[in-house]
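Architecture and fold: a report
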Amino acid sequence: MSGFAILCPGQGGQSASMFDLLPAPQQMELDAWWRQLPLEHGVAMPSRQALLQNPQHLFANRYAQVLVVAASLADWHALQMQWPQMPAPDVVAGYSVGELSACALAGMLEPAACLRLAGQRAQCMDACAIGHTFGMAALSVTGSGMQSLAALLATEPEVGLAIENGAQQWVVAGEAQAMQRLQMRALQAGASWQPLAVQIPSHTGWMSAAVGPFAQCLQEISWHQPKMAVVAGVSAQIDYDYQKICFNLQQQMAHTVRWSTCMDVLAETGLRVALELGPGTALTRMFNQRHPQIEVRAVSQFRSIQGVVDWLQRHL
């Protein structure tokens, strides 16, 4: 084993420049994938250039999930073209919608099909939000003021634990007014509260009605056995069976993602080097904080794809 992993992010790190590192051939390849996206209510998906130029579209769930997945897949293809002999990762892990990206990187489905699934996933989740206003926030404690997250969440049943990023770092999501009340209690208890640019309560019970429709979308895709191990966010288990991986893709929509445990599992495999694809550096920051002995960088921290390759060659 090379001790090499690829990390695929979820929403939050989008920017107007998120595709700027891609060489011209990968820009054209990405546009070809984009043209295969299906019509939504009879209307074609806006071009990615149009989405990037509109801040509201950039973070709207219906577009953001597709953009994030597209960026991860395009980064990966650019790296493979730049370094054809690049060692294959031992394992790939995705965060939230990044688990779809991970499946494509593992060879389970074609990139264009992955982008379609990202759009369908967003539509299924948006359908659950009709008639509601939701919010999502990062909640963390640096001292001992807040002893129990469970006790805090029990005061607001309309808010759920979406993601565990660490022993005292969580993402919570739920109905907007309940989130406001929870924020006041969290701040009073000495916690920090950072609203996120996501308006869908992903990975909570609010999304339960999205699981069935998305499962149907998954059944309509041609799947292959993965060429590398894939980490499941809801269980933090490493799987090689596409049926189990597909089941986990459904479940994580409405259940807590155990990302802190996923990081620990990756470290226990003997991981030496990890690269985060796509926009942002959130996964890199969390890994550096939790497992500083592992070399972890994000593509977005470099000025060129060749710079990423140079770094990988030094550490692999």
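For the structure itself, consult the block above.
Since the model is a prediction, treat every value here as computed from it, not as a measurement. (Residues numbered from 1 in each chain as written. Predicted model: local features only at pLDDT ≥ 70, side-chain atom pairs only at ≥ 80, totals over all residues. Heavy atoms only, no water.)

1. With respect to helix H12 (residues 282-290)
Since the α-helix advances by 3.6 residues per turn, residues separated by three or four positions end up pointing in the same direction. Defined as follows: Burial here depends on accessible area, computed with a 1.4 Å probe over protein chains only, as a share of the maximum for the residue type. Under 20% is buried, over 50% is exposed, and the range in between is partly exposed. Each helix is a run of H or I in the DSSP string that is no shorter than four residues. Each strand is a run of E no shorter than two, and both are numbered from the N terminus. Each C-beta atom gives one direction from the helix axis, and the arc is the one those directions make. Whether two residues touch is decided by their heavy atoms; if any such pair falls within 4.5 Å, the residues are in contact.
For H12, the complete set of buried residues consists of Leu283, Thr284, Met286 and Phe287. One side of H12 carries all its buried residues, which in axial view fall inside an arc of 165°. With respect to the buried face of H12, the exposed residues turned more than 90 degrees away are Arg285 and Gln289. In this structure, the buried residues of H12 make contact with strand E1 (4-8), strand E4 (159-166), helix H11 (259-268), strand E9 (273-276) and strand E10 (295-298).

2. Considerations on the sheet that holds E9
The criterion, for reference: Criterion used throughout: strands pair if DSSP finds at least two bridges between them. All axes here are fitted lines through C-alpha atoms, helices being fitted over the stretch that makes contact, and every angle between N-to-C directions spans 0 to 180 degrees.
Here we have 6 strands laid out as an open sheet, ordered E8-E7-E2-E1-E9-E10, and mixed in their pairing. If you trace the sheet from one side to the other, it starts and ends with strand E8 (238-239) and E10, each paired once. Pairing between strand E7 (residues 229-231) and E8: 2 bridges, direction antiparallel. Residue Val230 lies in a different strand from E8, and its bridge partner there is Asp239. Contacting E1, strand E2 (91-94) and E7, helix H5 (residues 98-105) crosses the sheet at an angle of about 155° to E2.

3. Considering the packing of aromatic side chains
Keep this limit in mind: For this analysis, a ring pair means two rings from Phe, Tyr or Trp (six-membered ring only for Trp) whose centres lie within 6.5 Å, classed as stacked if their planes differ by under 30 degrees, edge-to-face if by over 60, and tilted for the remaining angles.
Taken as a whole and assessed by the stated rule, the structure comprises 3 aromatic pairs. Aromatic pair Tyr95 and Trp259: ring centres 5.3 Å apart, planes at 85°, arrangement edge-to-face. Placement of the pair is Tyr95 in the loop between E2 and H5 and Trp259 in helix H11, with a sequence separation of 164 residues. Trp259 matches Tyr95 in its accessibility class, with the two residues each being buried. A ring pair is formed by Phe134 and Trp206, whose centres lie 4.9 Å apart and whose planes are at 65°; its orientation type is edge-to-face. With Phe134 in strand E3 (residues 134-141) and Trp206 in the loop between strand E6 (191-195) and helix H9 (208-219), this pair connects stretches of sequence that are 72 residues apart. Note on Trp206: relative accessible area 24%, which makes it partly exposed.

4. Brief notes about the packing of H9 against helix H10 (residues 242-251)
The cut-off we apply is this: Here the word oblique covers every angle except those under 35 degrees (roughly parallel), over 145 (roughly antiparallel) and from 65 to 115 (roughly perpendicular). Left-handed describes a crossing whose near helix is turned anticlockwise from the far helix by less than a right angle; the clockwise case is right-handed.
Between H9 and H10, whose axes approach to 9 Å, the crossing angle comes to 150°. Judged on the interaxial angle alone, H10 and H9 are roughly antiparallel. Here H9 runs over H10; the crossing is right-handed. Between H9 and H10, the residues in contact are Val211, Phe214, Ala215 and Leu218 and Cys246, Leu249, Gln250 and Gln251, respectively.

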